[in-house]
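One letter stands for each residue in the lines below.
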Amino acid sequence: MSAKAFDATVKALVEVAPAAWPPFARVPAGPTDAIDADIATVTGAADKVLRVHTEPPYLLHLEFVAGHDAAQLPTKLLVRNGLLDDKHNLPVRTVAILLHPEANSPQLTGTHIRRFAGEDTYLAFQYRVIRVWELPPELFLTGGPALLPLAPISAVTKRELPGIIRQMADRINAYKESGLVPMLEAAAYVLSGLRYPPDVCRKLFQGMTAMRESSTYQAILQEGREEGREKGRQEGREEGREEGRENEAKDLLRLIGETQLGPPDERTTRAIDDIHDLARLRQLITHVATAESWDALLAAPAAKTRRKKRT
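Only a predicted model underlies this, so the values are computations on that prediction, with no experimental measurement involved.

Caption draft 1: Structural view of the sheet that holds strand 6 (residues 92-98). The mixed open sheet is built from five strands, whose spatial order is 1-4-5-6-9. Strands with a single pairing partner mark the edges of an open sheet, and in this sheet they are strand 1 (32-35) and strand 9 (128-131). Across this sheet, the average inter-strand angle for adjacent strands is 25 degrees, counted without regard to direction. Taken together, the four bridges between strand 1 and strand 4 (residues 48-52) define a ladder with antiparallel strand orientation. If you follow Asp33 over to strand 4, its bridge partner there is Arg51. Running over the sheet, helix 3 (residues 73-88) touches strand 1, strand 4, strand 5 (58-65) and strand 6 and is turned about 150 degrees from strand 5.

Structure follows, in structure tokens:
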């Protein structure tokens, strides 16, 4: 599984319980809403953006990182922070959440400094860095549904892992009435693939009642990347990267949807394949847990994107 698959999974978790993330990021907490992350530029979108209704209100900009491009991340964080400030006219707190040690970099110091040789610093951008693998599992086990699936990739040894999985499963089961159990179990499985090989993940998660074996499950577990994904990684072509992101989002939608709504029929599968809007796919992923059927899910209106008018 690629970094984008893990990335999409955590973004869905942010939608489950937005208010859980300011305390996790160690920033002021208050009523919290997820808002449109599109910044309408060549940089695309920030990972997730939350509006936190403190006094004064602010935006919490979250970037989830699992890949190898972290050395370039501070500049991207600076650009997205500034664009969000410009679009919403609110102060922005930026937090980079690293999901795997391979995403770490000496460049991620929490301060991005720019200066000319022999001159004073003209820019010092502050951001927060959270390394999930350094945090105790108790933080995730007691942080509510949105944080539970990250427990297996926290500071857990292989010997401790089965016990942590059991504790996580027990806490996930407490959310049966909310309809979140299939999504949380699937998210935990996908994120565990960051650290553990597929056979280990399959063994650890085989007891979870909502994680049914399926063709989609096996595809995500075993597949080599599809042509579009491979094209995006190896050739660096934007068209291939976009196709890869869409395919990964479709994989995740089918995986979570199958545990919640049952296997998609041929008509539903074609309808999903015909979606070529990444924002729409991510919207559907976040709404799977509350949908009554595949038809109801796919019939939901697409979210409207508001763009700031330039003068």
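So much for the structure itself; the text now carries on.
Caption draft 2: Representation of the packing of aromatic side chains. Counted under the stated rule, the structure contains six aromatic pairs. With a centroid separation of 5.7 Å and an interplanar angle of 50 degrees, the aromatic rings of Phe24 and Phe140 are classed as tilted. Here Phe140 lies in helix 4 (residues 137-141) and Phe24 lies in helix 2 (residues 21-24), a separation of 116 residues in the sequence. The same class applies to Phe24 and to Phe140, which are both buried. In textbook terms, an aromatic cluster arises when at least three aromatic residues are bridged by ring pairs, as seen for Trp21, Phe24, Phe64 and Phe140. Between the NZ or CZ atom of Arg93 and the centre of the ring of Tyr58, over which it lies, the distance is 4.7 Å.

Caption draft 3: Examining helix 3 more closely. For helix 3, with 16 residues, the first-to-last C-alpha span of 22 Å sits near the 22 Å given by 1.5 Å per residue. All of the buried residues in helix 3 are Leu73, Pro74, Leu77, Arg80, Asn81, Leu84 and Lys87. Projection of helix 3 onto a plane perpendicular to its axis shows the buried side chains occupying an angular sector of 155 degrees, all on one side. Asn89, located one to two residues past helix 3, shows a positive phi value of around 55 degrees.

Caption draft 4: View of the confidence of the model for the protein chain. Within the protein chain, residue pLDDT values average 81, and 79% of them lie at 70 or more. Highest mean pLDDT in the protein chain belongs to helix 4 (97); lowest belongs to helix 8 (residues 215-222) (43). Every residue in residues 210-232 is under pLDDT 50, and counting partners more than four places away or in other chains gives 61 contacts. Here residues 305-311 is modelled with pLDDT under 50, and outside its nearest four sequence neighbours on either side it reaches nine contacts, counting other chains as well.

So, how was this worked out
Residues numbered from 1 in each chain as written. Predicted model: local features only at pLDDT ≥ 70, side-chain atom pairs only at ≥ 80, totals over all residues. Heavy atoms only, no water. Pairing = 2+ DSSP bridges. Helix = DSSP H or I, 4+ residues; strand = E, 2+ residues; numbered from the N terminus. Axes fitted to C-alpha atoms, helices over the stretch in contact; angles between N-to-C directions. Contact = heavy atoms within 4.5 Å. Phe/Tyr/Trp six-rings, centres within 6.5 Å; stacked < 30°, edge-to-face > 60°. Buried < 20%, exposed > 50% of the residue type's maximum accessible area, 1.4 Å probe, protein only. Lys NZ or Arg CZ within 6 Å of the ring centre and 35° of its normal. Expected span 1.5 Å × (residues − 1). Arc of directions from axis to C-beta. pLDDT = per-residue confidence, 0-100.

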